[in-house]
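As a plain string of letters, each chain reads:
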Amino acid sequence: MKLLVTGGAGYIGSVVSALLLESGHEVVVLDDLSTGHEDAVPEGARLVRGTLRDTAAEVLGGAGFDAVLHFAAKSLVGESVEKPGLYWDKNLGESLALLEAMRVAGVPRIVFSSTAAVYGEPESTPILETDPTRPTNPYGASKLAIDTTLTEYARLHGIGAVSLRYFNVAGAYGRQGERHDIETHLIPNVLKTAQGERDAVRLFGEDYPTPDGTCVRDYIHVADLGRAHLLALEAGAPGTHEIFNLGSGSGNSVLEVLEVCREVTGREIPAEIAPRRPGDPAVLVASSEKIRTRLGWKVERDLHTMVADAWTFLRSR
Ligand code: UFG
């Protein structure tokens, strides 16, 4: 297939681009390089530098694309609370420009990078795709608005859409890994502390209603996540919008993650308890039943492998 990958210079988009190329697809990456890195775009993919608003119509017009995989987004929860307008503009506004460009060019399918943040504070776990969506920050709200827009474009314009709602993505795949300038995620922060880049990793809260008092999250290897996109590409029937959670179905606490990082690196990794981070739900675990039964997807790599791959990637830089 001829595929457009928006945000293909970012962490997840670059891994998925690499997997698509390995499967024999033709890949064009569209990225404004605002947070992505040019050298993260895998060899064999063509990079077009630009925003969706300015460039999507031109790239897609008359070019015979079979589908779009849409990763380009602002994705920092904290920043979204400070600058909600930016998140609505970049996430929803630019996605609308992309969808219009697809409609005009007659591109029939899209796979969209949605998030667990659309569910907000869950009433029960594991979270099902049919559970209420009550995002607690503009990041999650803007992603949910895109999901809603996709439902409408499927119903009214006949596109085939699939949304994958990611839980906590970690690990690396070959030359592609996590390289955020502002790093907020647990595993890279712990590993950077192991490297001596920080004095101690801060553990946000030890008084949550969980077995060890720290938050529980559903970690998924970026290569497992990437494989789900290949399956989703085949699943987007015209006129339908399918939504799948992407998680492992089980969770690990912050302290468990720290312990695995200590095992993998063989280093002490100093840690200090810090106050709770506003907006963190105690437990976020996905039901992965739907994607397993419908698309035959299952997790192949465990937390140990995620941390080991992230550690190899970090040390290679
Ligand atoms: N944490 C720490 N110290 C750190 C970083 C994180 O203790 O230095 C804790 C957090 O408080 C949380 C857990 O580790 O309890 C995981 O935090 P991450 O920032 O790694 O991931 P989140 O669960 O906050 O975020 C993920 C996605 C977001 C998405 C969110 C949905 O990365 O894109 O889930 O709630 F919005």
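Predicted model only: the values in this text are computed from it and were never measured. (Residues numbered from 1 in each chain as written. Predicted model: local features only at pLDDT ≥ 70, side-chain atom pairs only at ≥ 80, totals over all residues. Heavy atoms only, no water.)

Novice: Can you help me understand the environment of Tyr208 in this one?
Specialist: Mapped onto the secondary structure, Tyr208 falls in the loop between strand E8 (201-204) and strand E9 (216-217). For Tyr208, a relative accessible area of 7% translates into the label buried. Distance in space between the C-alpha atoms of Tyr208 and Pro281 is 9.0 Å, their sequence separation being 73 residues. When residues no more than four places from it in sequence are discounted, the contact partners of Tyr208 are Gly213, Thr214, Cys215, Arg276, Arg277, Asp280 and Ala282. (Helix = DSSP H or I, 4+ residues; strand = E, 2+ residues; numbered from the N terminus. Buried < 20%, exposed > 50% of the residue type's maximum accessible area, 1.4 Å probe, protein only. Contact = heavy atoms within 4.5 Å.)

Novice: Which parts of the structure should I look at to understand the side chain of Ser287?
Specialist: As for its placement among the helices and strands, Ser287 is situated in the loop between strand E14 (283-284) and helix H9 (289-295). At a separation of 3.4 Å, a polar atom in the side chain of Ser287 contacts the main-chain amide nitrogen of Glu289. Apart from residues no more than four positions distant in its own chain, Ser287 is found in contact with Pro126, Ile127, Leu128, Glu129 and Asn245. (Polar contact = N/O pair within 3.5 Å; in protein donor to acceptor, adjacent residues only side chain to side chain.)

Novice: Please explain the sheet that holds strand E12 (residues 252-253) as it appears in this structure.
Specialist: Across a sheet, paired strands are connected by hydrogen bonds in the backbone, their directions being either parallel or antiparallel. In space, the three strands of this open sheet follow the order E12-E9-E14, with mixed pairing throughout. Looking at which strands have only one partner, the edges of the open sheet turn out to be E12 and E14. When E9 meets E14, the two strands line up parallel, connected through two bridges. Counted as the bridge partner of Val216 is Val283 from E14. (Pairing = 2+ DSSP bridges.)

Novice: Would you mind going over the site of the ligand with me for this structure?
Specialist: The environment of the ligand is formed by 19 residues, the closest being Leu186, Arg202, Arg217, Arg277 and Asp280. Asn168 is positioned with one of its side-chain polar atoms (N or O) 2.9 Å from an oxygen atom of the ligand. One nitrogen or oxygen atom from the side chain of Asp280 is found 2.6 Å from an oxygen atom belonging to the ligand. For the ligand, whose free accessible area comes to 690 Å², the fraction covered by protein is 90%. Of all elements in the fold, only helix H6 (186-194) and E8 reach the threshold of two or more residues within the shell around the ligand. Here the shell around the ligand takes three residues from E8, the largest share from any one element. (Near = heavy atom within 4 Å. Areas by Shrake-Rupley, 256 points an atom, 1.4 Å probe, with all protein chains shown as cover.)

Novice: Would you explain the domain arrangement of the chain in this entry?
Specialist: Many authors give the size of an interface as the accessible area that is lost as the parts come together. Looking at the chain, the domain boundaries give domain 1 (2-169 + 219-246) and domain 2 (171-218 + 249-316). Put simply, the middle of domain 1 and the middle of domain 2, counted by C-alpha atoms, are 23 Å apart. Counting residues at the interface gives 38 residues for domain 1, matched by 38 residues for domain 2. For the interface between domain 1 and domain 2, the tally reads five salt bridges. Arg301 is paired through a salt bridge with Asp224; the nearest N and O atoms lie 2.8 Å apart. (Domains from an automatic or database assignment. Salt bridge = Lys/Arg side-chain N within 4 Å of Asp/Glu carboxyl O.)

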